[in-house]
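Structural overview
So you can see what is in the structure, the chains are spelled out below.
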Amino acid sequence: MSREDRVVRSGEFKAVRESLSLTVAAMAELLAVSEWTVKNWEKGKYSPPPGVAAEIERLEAYTRRCVDAVAAAAQGREAPMVVVWRMTADMPPGPARTLGAAWWRSVAASARARIPGLDVGYPDEFDEVTGSRDRTLSEAIGPSVLPPPR
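What you see is a predicted model; the values in this text were computed from it and never measured.

**Structural notes on the pattern of salt bridges**
Following the criterion strictly, the structure yields eight salt bridges and no others. For R17, the salt bridge is made with E42, and the minimal N-O distance between the two is 2.4 Å. Taken together, the residues span a long stretch of sequence, with R17 in helix α1 (residues 10-19) and E42 in helix α3 (residues 35-43) at a distance of 25 residues. Taken as a pair, R17 and E42 share a single burial class, namely buried. Two residues, E139 and R135, come together in a salt bridge whose shortest N-O distance is 2.5 Å. Highlighted residues: E139 and R135, both in helix α8 (residues 133-139), separated by four residues, approximately one helical turn. Judged by its relative accessible area of 32%, E139 falls in the partly exposed class. You can call R135 partly exposed: its relative accessible area is 44%. Through salt bridges that share partners, R6, E12 and E57 make up one connected network.

The structure is reproduced here in structure tokens:
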């Protein structure tokens, strides 16, 4: 069985979506299906079609590359900070915004697990440390360090 033909069970599909901190809406957009389709797959009403497994594997691989990029950006910094957002709408445009604020927070948390002393916070929290929003956004690690999606 090829990678493209591998079956994804409903439980696996939901577990992966949740582990990546993706909303139903974000997953639906990434797979170019409706939110109802994603919900029905997760409930087991319908099985995800062939090809979904490969898309999920690509998304997991991209997320790992993003964690690597954040960790690499933090290496060698005296007091590395990663800025996260409460709401997706507040994020700068780009792949991280497409995947959502919860996904970006999970990337930041995974990088924090690798890099001792990595500080993760919201812009307003770092503004108190840096003295200004402009300085926060220029000093903190943000989605601009991410590799382009493949």
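**Here's the deal with helix α6 (residues 101-114)**
Between the first and last C-alpha of α6 there are 20 Å, a value that for 14 residues agrees with the 20 Å anticipated at 1.5 Å per step. All buried positions along α6 are accounted for by A101, W103, W104, S106, V107, A108 and A111. Those residues of α6 that are buried lie in contact with α4 (52-74), β1 (81-83), α5 (95-99) and β2 (119-121).

**Some points on the packing of α1 against α3**
One can describe the packing of α1 onto α3 by two numbers: an axis separation of 7 Å at closest approach and a directional angle of 120°. Considering the angle they form, α1 stands oblique to α3. Across the interface between the two elements, S10, F13, K14 and R17 from α1 touch V38, W41 and E42 from α3. For the contact of α1 with α3, the per-class residue count stands at three nonpolar, one polar and three charged.

**What about the nonpolar core?**
Residues F13, L22, V70, V82, W103, W104 and L146 are the most contacted members of the largest nonpolar core, which totals 43 residues. Among the elements of the structure, α1, α2 (24-31), α3, α4, β1, α5 and α6 are those that each provide at least two residues to this core. At eleven residues, the largest contribution of residues to this core is made by α4. With residues up to four places along the chain from it excluded, the contact list for L22 reads R17, M27, L30, L59, L99 and W103.

Cut-offs used in this document
- Residues numbered from 1 in each chain as written.
- Predicted model: local features only at pLDDT ≥ 70, side-chain atom pairs only at ≥ 80, totals over all residues.
- Heavy atoms only, no water.
- Salt bridge = Lys/Arg side-chain N within 4 Å of Asp/Glu carboxyl O.
- Helix = DSSP H or I, 4+ residues; strand = E, 2+ residues; numbered from the N terminus.
- Buried < 20%, exposed > 50% of the residue type's maximum accessible area, 1.4 Å probe, protein only.
- Expected span 1.5 Å × (residues − 1).
- Contact = heavy atoms within 4.5 Å.
- Axes fitted to C-alpha atoms, helices over the stretch in contact; angles between N-to-C directions.
- Parallel < 35°, antiparallel > 145°, perpendicular 65-115°, else oblique.
- Nonpolar A, V, L, I, M, F, W, Y, C, P; charged D, E, K, R; others polar.
- Core = buried A, V, L, I, M, F, W, Y, C linked by side-chain atoms within 4.5 Å.

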